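Geometric and topological summary
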Amino acid sequence: PNRPDLMSHLGMARELSILLNLPLKNKAIEHIEGKGESLKVNLLAGEEGCPRYNGRIIRNVKNTESPAWLKERLEAMGVNPKNALVDITNYVLYEVGHPMHAFDLNHLEGGEINVRWAQEGEKFLGLDGVERILTAQNLVIADGKKPVALAGVIGGAGDSILPETKDIFLEAAYFYPPCINKTSKKFGISTESSQRFERGTDIEACAYAMDLATKLVLEICGGEVAKTNDVYPVKYQPQAVTFNPADITKILGMQVEEEKLK
């Protein structure tokens, strides 16, 4: 329950491929370049809030009913299908383990997205219909005028996807786990999104999640895709872990055949 890399079908498949010594069947998703610019993104909370934010506009979509295969897969996870756009973001969450959010573009004001700390006493009305008073420790996604989501936790009532939604702004971001945990605990909100972000998602999975969601939106809802705006100021550098067979034997307390270590 505390390993976010296992909170998805891809994560479980990766783990099983190692345990069973079988190849991982991970499908490659082609990146769609798109035409036209997306919203300007300002990362105002720094690395302790949001080190990476990937967003793109898709216009003229038809928010139809999801196809049977998509409904069935969500229902198997205990999720009630709503509409194609919402269902697609939920599907990506369960398959890849990276939460996404879709905003109704026509509800966003100011032509920009600001990932910032809330102002002390700022009010936010969530998708659940509850108005909350925020503090400066709460990370929010805001347009040019107001908060439109509690980052990584819950979306706002004013930007929700409706059956008549035509233009959307897709978000695939990485949020710093401690700040998501604080917000979730403060307001007593535990969502599929917050459960993953507060444990730590894969910052390198943002682009893959965006490409998968874009592919599904085009296949199911149609639309015209803008370029991805991927704001990633400081690239993640993985740590190198050096060890040898003797170290493995010492840690495990058992001898592992060298052939199995390759």
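Before going into details, it helps to say that this report is about the structure given with it. (Residues numbered from 1 in each chain as written. Predicted model: local features only at pLDDT ≥ 70, side-chain atom pairs only at ≥ 80, totals over all residues. Heavy atoms only, no water.)

1. Remarks on the packing of helix α3 (residues 84-96) against helix α6 (residues 206-221)
Inclusion rule: Here, axes are lines fitted to C-alpha atoms. For helices the fit covers the stretch in contact, and angles between N-to-C directions go from 0 to 180 degrees. Numbering of helices and strands runs from the N terminus; a helix is a DSSP stretch of H or I covering at least four residues, while a strand is a stretch of E covering at least two. Should the near helix be turned anticlockwise from the far one by less than a right angle, the crossing is left-handed, and should it be turned clockwise, the crossing is right-handed. Whether two residues touch is decided by their heavy atoms; if any such pair falls within 4.5 Å, the residues are in contact. Each residue gets one of three labels, nonpolar for Ala, Val, Leu, Ile, Met, Phe, Trp, Tyr, Cys and Pro, charged for Asp, Glu, Lys and Arg, and polar for the others, Gly among them.
Close contact between α3 and α6 brings their axes to 10 Å; oriented N to C, the two are set at 145°. Two packed elements cross with a definite hand, and for α3 against α6 that hand is right-handed. Each of Ala84, Leu85, Ile88, Tyr91, Val92, Glu95 and Val96 in α3 lies in contact with α6, whose residues at this interface are Tyr208, Ala209, Leu212, Ala213, Leu216, Val217, Ile220 and Cys221. Residues belonging to the contact of α3 with α6 are distributed by class as follows: 14 nonpolar, no polar and 1 charged.

2. Things to note about α6
Quick reminder of the rule: In this scheme, a helix's expected span is set at 1.5 Å multiplied by one less than its residue total. The cut-offs for exposure are 20% and 50% of the maximum accessible area for each residue type, with area from a 1.4 Å probe on protein chains only; residues under the lower value are buried, those over the upper are exposed, and the others partly exposed.
Across its 16 residues, α6 extends 21 Å between first and last C-alpha, which sits within 8% of the 22 Å expected from 1.5 Å per residue. Those residues of α6 lying buried are Cys206, Ala209, Met210, Asp211, Leu212, Ala213, Thr214, Leu216, Val217, Ile220 and Cys221. Against β2 (52-59), α2 (68-76), α3, β10 (168-174) and β11 (224-225) lie the buried residues of α6. Following α6 by one or two positions, Gly222 has its phi on the positive side, about 70°.

3. Quick word on the packing of aromatic side chains
To be explicit about the condition: Under the pairing criterion, centres of Phe, Tyr and Trp rings, with the six-membered ring standing for Trp, must be within 6.5 Å; the plane angle then separates stacked pairs below 30 degrees from edge-to-face pairs above 60, leaving the rest tilted. For a lysine, the NZ atom is tested; for an arginine, the CZ atom; a charge sits over a ring if that atom is within 6 Å of the ring centre and within 35 degrees of the ring normal.
This model, assessed by the stated rule, comprises 4 aromatic pairs. Ring geometry for Trp69 versus Tyr91: centroids 5.5 Å apart, planes at 85°, classification edge-to-face. Placement of the pair is Trp69 in helix α2 and Tyr91 in helix α3, with a sequence separation of 22 residues. By relative accessible area, which is 8% here, Tyr91 ends up buried. Ring geometry for Phe103 against Phe169: centres 6.3 Å apart, planes inclined by 40°, an arrangement best described as tilted. Within this pair, whereas Phe103 is found in strand β3 (residues 101-104), its partner Phe169 is found in strand β10, the two being separated by 66 residues in sequence. Ring pairs connect the aromatic residues Tyr53, Phe103 and Phe169, which therefore count as one cluster. One Lys or Arg, Lys186, reaches over the ring of Phe187 and ends 5.3 Å from the middle of that ring.

4. With respect to the pairing of strand β7 (residues 139-142)
How we decide: A pair of strands is treated as paired once DSSP finds two or more bridges between them.
Burial along β7 is two-sided: Leu139 and Ile141 facing one way and Val140 and Ala142 facing the other are all buried. With 4 bridges connecting them, strand β4 (residues 112-117) and β7 associate as antiparallel partners. The residue of β7 that forms the bridge with Arg116 is Val140. Where β7 and strand β8 (residues 147-150) come together, 3 bridges link them in antiparallel fashion.

5. With respect to the sheet that holds strand β1 (residues 40-43)
Judged by pairing direction, the sheet is mixed, and its 5 strands sit side by side in the order β1-β4-β7-β8-β9 without closing on themselves. At either end of the open sheet lies a strand with only one pairing partner, and these are β1 and β9 (154-155).

6. Observations regarding unusual backbone geometry
A positive phi angle, close to 55°, is found at Asn21, a residue other than glycine. Here Asn21 is to be found in the loop between α1 (9-19) and β1. Relative accessible area serves as the criterion here: at 68%, Asn21 is assigned to the exposed category. You will see that Asn60, though not glycine, has its phi angle at about 55°, which is positive. Relative to the elements of secondary structure, Asn60 occurs in the loop between β2 and α2. Residue Asn60 is classed as partly exposed on the basis of its relative accessible area of 46%.

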